[in-house]
Structure formats: structure tokens, C-alpha cells
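# Tertiary structure, described
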Amino acid sequence: MLAQIVFTLVFIVAVALFTVQVRKIIRNIRLGKNICRNDRKAERWTTMARVAMGQSKMMVRPVAGLMHLFVYLGFVIINLEVLEIVLDGIFGTHRLFAFMGGFYSFLIGSFEILALLVLLGVLVFLARRLVVRLKRFSGVEMKAWPKSDAIYILLIEVLLMTAFLTMNAADYQLQNRSYGHYIQVGAFPVSQFLSPLLPSSTEALVFIERFCWWFHIIGILAFLNYLPISKHFHILLAFPNTWYSNLNPKGHFSNMQSVSNEVKAMLDPSFTPPPADPDAKFGAKDVVDLNWVQLMNAYTCTECGRCTSVCPANITGKLLSPRKIMMDTRDRLEELGKGIDKNGAGYHDGKALLDDYISREEIWACTTCNACVEACPVNIDPLSIILDLRRYAVMEESNVPTSLSAMFANVENNAAPWKYAPADRLNWAQGDWSKE
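Residues numbered from 1 in each chain as written. Predicted model: local features only at pLDDT ≥ 70, side-chain atom pairs only at ≥ 80, totals over all residues. Heavy atoms only, no water.

### Let's talk about the overall build of the protein
Secondary structure assignment for the protein yields 17 helices and zero strands. Radius of gyration (C-alpha) of the protein: 28 Å, far over the 22 Å computed for a compact globule of 436 residues. Referenced to the eigenvectors of the C-alpha coordinate spread, the extents of the protein come out at roughly 95 × 60 × 40 Å. Buried positions account for 44% of the 436 residues belonging to the protein. Of all intrachain contacts in the protein linking residues separated by at least 6 positions in sequence, the fraction that spans at least 24 positions is 76%. When the accessible surface of the protein is summed, it comes to about 23000 Å², and 65% of that surface belongs to carbon and sulfur atoms. If the 42 positive side-chain charges of the protein are averaged to one point and the 38 negative ones to another, these points end up 3 Å apart. (Helix = DSSP H or I, 4+ residues; strand = E, 2+ residues; numbered from the N terminus. Rg over C-alpha atoms; globule rule 2.2 N^0.38 Å. Buried < 20%, exposed > 50% of the residue type's maximum accessible area, 1.4 Å probe, protein only. Contact = heavy atoms within 4.5 Å. Areas by Shrake-Rupley, 256 points an atom, 1.4 Å probe, with all protein chains shown as cover. Lys, Arg positive; Asp, Glu negative; His and termini not counted. Charge placed at Lys NZ, Arg CZ, Asp CG, Glu CD.)

### With respect to the packing of aromatic side chains
Two descriptors summarise a pair of aromatic rings, namely the distance from one centre to the other and the angle between the planes of the rings. Within this structure, the stated rule accounts for 15 aromatic pairs. Between Trp 45 and Trp 243, the aromatic rings sit 5.7 Å apart at their centres with planes inclined by 70°, giving edge-to-face as the arrangement. With Trp 45 in helix H2 (residues 41-53) and Trp 243 in helix H7 (residues 234-243), this residue pair connects regions lying 198 residues apart in the sequence. Under the relative-accessibility criterion, Trp 45 is labelled exposed at 51%. Given a relative accessible area of 9%, Trp 243 falls into the buried group. Where Tyr 179 meets Tyr 182, the ring centres are 6.4 Å apart and the plane angle is 25°; that geometry is what we call stacked. A relative accessible area of 39% means that Tyr 179 is categorised as partly exposed. Taken together through their ring pairs, the aromatic side chains of Phe 7, Phe 11, Trp 213 and Trp 214 make up a single cluster. (Phe/Tyr/Trp six-rings, centres within 6.5 Å; stacked < 30°, edge-to-face > 60°.)

### Here we look at the pattern of salt bridges
Side chains bearing opposite charge may pair, as long as their charged atoms lie close to each other. Overall, the coordinates contain 19 salt bridges when judged by the stated rule. Taking the shortest distance from any N to any O, the salt bridge between Asp 39 and Arg 44 comes out at 2.9 Å. We classify Arg 44 as buried; its relative accessible area is 2%. Between Glu 335 and Arg 332 there is a salt bridge; the shortest N-O distance is 2.8 Å. Of the two residues, Glu 335 and Arg 332 both sit in helix H12 (residues 322-343), three residues apart, roughly one turn of that helix. Residue class for Glu 335 comes out partly exposed when judged on its relative accessible area of 23%. The class of Arg 332 is buried, set by a relative accessible area of 0%. (Salt bridge = Lys/Arg side-chain N within 4 Å of Asp/Glu carboxyl O.)

### A word on unusual backbone geometry
One non-glycine residue, Arg 133, lies in the positive phi region at around 55°. Inspection of the secondary structure puts Arg 133 in the loop between helix H4 (102-132) and helix H5 (145-176). One non-glycine residue, Ala 415, lies in positive phi territory at about 60°. For Ala 415, the location among the structural elements is in the segment after helix H17 (402-414). The exposure class assigned to Ala 415 is exposed, which follows from its relative accessible area of 61%.

### Considerations on the environment of Leu 237
The residue Leu 237 is located in helix H7 in this model. Along the backbone, Leu 237 and Ile 151 are 86 residues apart, and their C-alpha atoms lie at a distance of 21 Å. Here Leu 237 is in contact with Met 296, Tyr 299 and Thr 300, once residues within four sequence places are set aside.

### Digging into the side chain of His 232
Tracing the backbone shows His 232 in the loop between helix H6 (202-226) and H7. By relative accessible area, His 232 is classed as buried at 11%. Looking at His 232, its side chain comes within polar contact range of the side chain of Glu 157, at 3.3 Å. Excluding residues that lie within four positions of it along the chain, His 232 makes contacts with Ile 153, Glu 157, Phe 223 and Leu 227. (Polar contact = N/O pair within 3.5 Å; in protein donor to acceptor, adjacent residues only side chain to side chain.)

### A word on the layout of surface pockets
Approximately 660 Å³ is the volume attributed to the second largest pocket. The wall of the second largest pocket is formed by 32 residues, among which Met 58, His 68, Lys 231, His 232 and His 234 lie closest to the centre. Mapped onto the lining of the second largest pocket, the elements with two or more residues apiece are H2, helix H3 (62-91), H4, H5 and H7. In terms of residues, the lining of the second largest pocket owes the most to one element, H3, which gives seven residues. Among the residues forming the lining of the second largest pocket, the class breakdown is 20 nonpolar, six polar and six charged. (1 Å grid on protein atoms, 1.4 Å probe; cavity = no way out; pocket = protein on both sides within 12 Å on 5 of 7 lines; lining within 4 Å. Points joined across faces, edges and corners; volume = space filled by probe spheres on them. Nonpolar A, V, L, I, M, F, W, Y, C, P; charged D, E, K, R; others polar.)

### Some points on the packing of H3 against H4
In contact at an axis separation of 8 Å, H3 and H4 are set at 140° when each is read in the N-to-C sense. When the axis of H3 is compared with that of H4, the two are oblique. For the pair H3 and H4, the crossing hand works out as left-handed. Across the contact of H3 with H4, the residue classes break down as 19 nonpolar, three polar and three charged. (Axes fitted to C-alpha atoms, helices over the stretch in contact; angles between N-to-C directions. Parallel < 35°, antiparallel > 145°, perpendicular 65-115°, else oblique. Left-handed = near helix turned anticlockwise from the far one by under 90°.)

### Some details on the state of the cysteines
Applying the stated rule across the entire model yields zero disulfides. With no disulfide partner, Cys 376 has as its closest neighbouring cysteine sulfur the one in Cys 304, 6.3 Å distant. Relative accessible area serves as the criterion here: at 10%, Cys 376 is assigned to the buried category. (Disulfide = S-S within 2.5 Å.)

As C-alpha cells, this is what we get:
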């Protein structure tokens, strides 16, 4: 009974702490501007099923995609076994779902095979980071915590899967001895080969089984509370992130309604634009000027670096890294959220995403090619943030590079980016080209 009480209290505290952290993240995301992404629902469900559940964009890189599939399936399906462990802990039972008979054996066997595949995937991922040292896992933004975070996650998964298989191995031995409540149930296609490595003493086996049981479930509850401060939070946010992703063609850029209304009024004198919002900004200077989907993108970022690895600006040595754009947005949002926790709603520390986190050189290095958007495994859109920061620089500050200032002047004076007058625009076509 004491063990049940202790477990129930630990479980309640862990879930409560996780809930508090998630509520703060939701609050932070809601600091963004409203945007409607509830259209084309059938297409959105299909996108989520294909990209988030089907891992379609992960498979562009087959080795990483296959290993990630192992880890993903293991995480999702083994959680069914976690449900049994939680119920056993609360009610003081052992293998509560054993009444399922043959189907239960199939489940346990499947869990063990998946646990082995998870271990394989995690070991490959560790080798890619620590031995092969893939270039995309490095960068100016991948220092200290971002770099350590990935290693911590992989090591935690190794420990959890090892504890699960060791627990089953001890359970398998105790079942064969018909000891106490360890009845003959389940199939152990992997852990049965580990059981010879365990001590022969029954008391030692009981201790190992109980220790690994507690370690496994406490580890999962601790990992649950690690998720909100980790890049691994994408395992939860990937589903809403893909559902709310931008379904328009990649080359389609959004128009600002306030600007569109002014243009309509110029072209149609009978059109009366609605009253302008005096507090509205053109573009974004800080995270509160972005929309909530962009802020959710920042929390969903896995820091995998696929976006940066295909960015032509980054490849050619420019300062821009789309991954850094997302990480900076999340860091700034977290900083602002902590300030609100201490000082109340409406707090602002005088800092901004533009300049304090993301430099002008970064945003103007972007070629707007959409390669980063196409490469992201969970449909994150770094380009939309870059464009909103540019809009603020151009339309609020009139602060642009000299080359763009010349181009803007040409558009205003000549109705084209070039310095030539409209009447001279076809001069290139004059003359006898056969002599060239």
C-alpha cells in the first residue's frame, strides 16, 4: 500500500508540473497575433497524417528517416505498455492487462522488438553526432545547451529502453520459477536472451525487476517534464504544427490587408477602406508582432539543421541560418514569457527580436528561395519570420541596404527595378542581331 501511495503522489506531481509548463508555453504562443488557419480542413488532416504521422519528409534522407521511424514508432507504441505500468503502480497489480492472453503476448513481444529498434536508432544517431560529426549538427547557434540537449535526449532513451528490457528479463526468469505473483504470461523475444546475464538469486531478480520498474516509470515521468525545455517537444507539437501549416504554394507571399485596402482605394474612388488600427505595425520587430502559428513553429523546431544545410545563403558563407532564426525566436519568446511571469501581463523589457537576437545582415542575406521551408520535416516556415522582419525594416524604419534603396527609387520613378525610362525599355531589341 505504501508503494501505491508513493507512486500515485509522484505521478500526480509529475503530471501537474508538466501541465504548468505546457500552460506557460501555450500562453507564450498566444502572445502572437491572431491568424485564421481553419480552412481546407480535409487537406490539413491529410497533411498532418502524411508529414507528422507518416514521416514523409524525413524519408528524403533514408538512413536518418528509417532510424527516426524506429524511434518514433517505439515512442508511440511503447506508451501502451507505460499505461499498464501506471495502472499497476496505482492499483498495486502486476501486468494488469495479462487477461488479454495471446494478444497480450503479441503486444509484449512487439514492445520488445520496438525497444531494440529504438536502441539501434539511438545508437546510430549518437554515432552521427559523436563519431561521424555531421556538419549540419554544428554551427554558431549549436553551442552549449542546444548541442548538449540532443545528447541528453539520446542517452535518456538508451537508459529507458535498457531498463525496460532488463525489467522484462528479470520478470521472465521469475515467471519460469513460478515465484509469487509472477505468473506465466507474455512473450519475451528480446529480453529472454538477456536473462542469462542476470544473477541466479531469486531475491536479486526481484530487486532488479522492481528497481528497473521504478527506474523506467520515474524516468519517463522525469522525461515528460524535460520535454518542454527541450527540442524534443516537437514529438507533441509536430501534429498541430503540420495541421496549421501554410498550404499555399511556396512562392505565394501574403499581402498586408491594410496596404491592400489603400491600393483598392487608390484604384477605386468608391471604395472606402475600414478604419486603420492606430497600434498596427507593418511587419514585425518583436515576437509579439508575429502570428501565433509562427511562434508555435519556434517551439516545434527540432534543431535538426536540414533547413540550414540547404540554405544557399548559408552554403555560400553568409551569416544567415534558418535554424538560428527559429531558435532565436523561441529564446526571445521564452525570455519575454519569464518576464511576464515575474512582472505580470503587459510587461516588456525593451528588447526586440530584431537587432537584439537577429541581425539585419541575417535577414537581408535571405534569397526567399523557400528551400528551408521545403526541407523542414515538420513544415516550419522560417521564411515568413524573415519577411516580417524585413517588412518592419522597410515600411516602419525605411532602413534598407543601399542597393535596395536604388531599386525602390527606380520602381517609383520608372515603374521597373532598372534605371532606364519606360520609353527606353525595349532599346535592347533594336538593331541587327544577325551581326552579333
